[in-house]
Amino acid sequence: KSFASARIEGSYNRYADVVTPKVGLDFASRFGENVGISGGLSYYKRKYEVDTIEPDGWDEDDGLIYADEIQYRDYDVTRERFSASLGLDFRATDTTELYVRGLFSRFDDHEYRRRTTFDLGDADISGSGTMVSYSDASDKITVERDIKDRFERQETISLSWGGVTETDDWKISYMGSYARSSETEDGNLDPTQFEREFEGEGLVVDVDYSDPKTPRYTTSGVADFADPSTYELKDIEFVDSGIAKDEEYAAKFDVARAFPTSSGVFTAQAGFKGRWRQKSYDAEVEFYEWDGAADYTLADIVGTQTFRRGDISPVASYTGATEHFYSNFDMYELQEIDTVFDSAASDYAIDEDVYAAYGLLRFDSDVVTVIGGVRWERTNLDINGNEVLLVEEDGTLPGGATATEDMVFVTPVSTGRHYDLFLPSINVRYQPADDLVLRVAGYRSIVRPGFSKLAPRFLTEVNDDDEVEGEFGNPDLKPYKAWNADLSVEYYFSGNGALTAALFYKTVEDYIVDVNYEADDLDDSGTIEPSERLVYRGIAFDEAVIPLNGDKAEIWGVELGFSQQWTMLPAPFDGLLTQLNYTYTDARGDVPDEGVGELGVIGASRQISLPQTAKHTINAVLGYEKGPVSLRLAGTYRDKYLDELGGSVEEDRMIDDHLQLDFSAKYRASENVQVFYEWVNITEEDFLAYNNVGGRQNALESEYSSWTMKGGVRVTF
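Quantities reported herein were computed from a predicted structural model and do not represent experimental measurements. Counting from 1, residues in each chain are numbered in the order their sequence is written. With the structure being a predicted model, the display of local features is reserved for residues of pLDDT at least 70 and the display and counting of side-chain atom pairs for 80 or more, all residues being used for whole-chain, interface and lining totals. For the side-chain quantities, the full set of heavy atoms in the structure was used; hydrogens and water were omitted.

Draft legend 1. Inspection of the overall build of the chain at higher detail. The helix and strand inventory of the chain stands at three helices and 45 strands. Over its C-alpha trace the chain gives a radius of gyration of 30 Å, about what one expects of a compact globule, namely 27 Å for 717 residues. Taking the principal axes of its C-alpha atoms as reference, the chain extends roughly 90 × 60 × 50 Å. Each residue is placed in one exposure class: buried if its accessible area under a 1.4 Å probe, protein chains only, is under 20% of its type's maximum, exposed if it is over 50%, and partly exposed if it falls in between. Taking all 717 residues of the chain together, the buried fraction comes to 40%. Here, two residues are considered to be in contact whenever any of their heavy atoms come within 4.5 Å of each other. Once local pairs closer than 6 in sequence are excluded, the contacts in the chain between residues at least 24 apart make up 70%. Accessible area of the chain: about 35700 Å², with a carbon and sulfur share of 52%. Residues scored as positive are Lys and Arg, those scored as negative are Asp and Glu, and His as well as the terminal groups of each chain are ignored. Throughout, a charge is located at the NZ atom of Lys, the CZ atom of Arg, the CG atom of Asp or the CD atom of Glu. The positive charge centre, built from 66 side chains, and the negative charge centre, built from 136, are 14 Å apart in the chain. Working definition: helices are DSSP H or I runs of at least four residues, strands are E runs of at least two. Numbering for both runs from the N terminus. The reference for a compact globule is 2.2 Å times residues^0.38; the radius of gyration itself is calculated from the C-alpha atoms. Only the protein chains shown count as cover for residues, with accessible areas throughout obtained via the Shrake-Rupley method and a probe of 1.4 Å.

Draft legend 2. The arrangement of the sheet that holds strand β9 (residues 131-135) in detail. Strand order in the open sheet formed by four strands is β8-β9-β13-β14, with antiparallel pairing between adjacent strands. Sheet topology places β8 (124-128) and β14 (216-220) at the edges, where each strand pairs with a single neighbour. Ignoring which end each strand starts from, the neighbouring axes of this sheet average 20 degrees apart. Pairing of β9 with strand β13 (residues 204-208) involves five bridges; the strand directions are antiparallel. Note that in β13 the partner of S135 across the bridge is V204. What makes two strands pair is DSSP finding at least two bridges between them. Interaxial angle, 0 to 180 degrees, is taken between N-to-C directions of lines fitted to C-alpha atoms, where a helix line uses only the stretch in contact.

Draft legend 3. Just the pairing of strand β15 (residues 232-260), in detail. In the sheet, strand β11 (residues 170-185) pairs with β15 via 16 bridges, with the strands oriented antiparallel. Note that in β15 the partner of I172 across the bridge is V255. Relative to β15, strand β12 (residues 188-199) runs antiparallel, the two sharing six bridges. When the bridges of β15 are listed, N188 appears paired with V239. Counting the residues in the hairpin turn of β15 and strand β16 (residues 265-290) gives four residues.

Draft legend 4. The arrangement of unusual backbone geometry in detail. At the junction of D190 and P191, the peptide bond is cis and its omega measures out at 0 degrees in the coordinates. Position of P191 among the secondary structure elements: in strand β12. A cis amide bond, omega 5 degrees, links A571 with the succeeding residue P572. With respect to the helices and strands, the residue P572 is situated in the loop between β32 (552-565) and β33 (576-592). If you check the backbone angles, R537 has positive phi at about 55 degrees while not being a glycine. Relative to the elements of secondary structure, R537 occurs in the loop between β29 (534-536) and β30 (539-541). Since its relative accessible area comes to 30%, R537 is described here as partly exposed. One non-glycine residue, N681, lies in the positive phi region at around 60 degrees. By the secondary structure assignment, N681 is in the loop between β42 (673-680) and β43 (687-691).

And the structure:
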């Protein structure tokens, strides 16, 4: 029968202090006996604020642990999404059903970020315990205050068509699809940066690190430290245009033949699929400096902070920098070297074609299902990017000469390769009794590298001290390959409840990690000599982060679950329900620890927990379900995990454990009307990334955004 549903919702974030809407409409209808149409429309707008603190360059000296840089970031974000879908189903004959389905989605993200940065790497350091003082007595302290005004639009359109034909014991299915997505930036100032250097002026910056999540600073010695007119424009990074495109065609065909027997049904099935994908990114980034007769300072566009974790003023207004740039464009001077470097640095284009075929045999009976088969895949890659070298004045040029001015060199890089994989699998489901289900599975799986890591972007900068910093992609990355084994038991209670237990084991080859490399000052001269530099793909560097394949890793774990609706209890407790699941995961592997050679990684290795893998995760729900009332209090806990490798174990980037409580309530006012409410992140749990330099937890990123409440009504017709 025909169906329609409308949903109206409001969302309130405590930080943003504004109610934003979300609406949706879904419908389905049939015309006659053979034609059906379905679709939907949805729109939401969300405003939220995030306060972030990001210290970096942690070091230890005589027991004093301190950061060389601290950033205080004030984010104000507005997001909007509109989407529409439409589907048509058609019964062409008694044996054939056809369909056409389409989807369109537009997502807009407008972000303002005001940031105050303390560059303390050259300061004099003193202090004790968790109190550290930075002084400009013998060198400089740089304070930067900037504003990012960035608008991004993402659009996705997809279209699929296909059908199923079933005759006697044959089943044939077929599908074709097209999808295109894009992300564009146009005319963004990302960022506008103002700067002041203090040297010998008596500035002292005292930082209290006693709370690792919120380092707090105070300043003394310079009366006009917070005067916005003393912070002059450094430069503007203007994204004239930036577009990422992802386009994909796909087609597949499957055929199956069933063979009924007295003991069950045997099925033989085979299929083919092709996927042709193109992804690219092209940016035109321009850098400008002020060339007007009068100084351009922060005072010309000063605003009011919304940062709640300390005083980071003065800050820029939201739109002042953008308005000033467009109104006074003829007074800005283009910086050609930086423009050429950044415009070429991020560009890449990748074609990835995947061809696959499979065959399987299946047996189904009243108590057992067995499915076994093998899948073959071939992946063809055509990868294009740039090798970009920036040499500052007095730096060493290729060939050994000294640069007399800043120079940039751009060399296109193209490479291609292919690989084949066979992926066998077997799955067995056995149900010896109505309340007991056993499952066992063994299979091989792959995960392909992300295009952002695969892109051949080889960026190096040689500064006037002849230090070489690198940023590299890796077109030689192999896909993750894993052998997997799973075993599970499910027991169902006579009432509405179940108890489950599962074991899993994986052995993974060629997992991908980002490795941070730093050359060693072998002769303790204080300078990295050319002979001491590391080399990647023929490019020498002092420091770089490189995505690399690890060797092998083993993952095993246990999953336990319990759910029960307590209908056996006397009223009103018969509406209570509980759910609980726990997962233990042990994931360990080896990664290179030092040395990079021309053709890959050499040298020592160390064992790590695999990135983004928490050892303990727990989900628990206490609820009530009776009559028109539905209530849920949910708690989610995730253990700490490794996020990114540093130059040593203590410099590894870790993500702190997370415990979040959420509450939801629904009330069915009538057969067609339901009212709902949600309270997300009740305890205002924050996010913390940290390292362990000096044996202490030191923040690398501390993020806080408070709770959100949602409420609304759903009506069905």
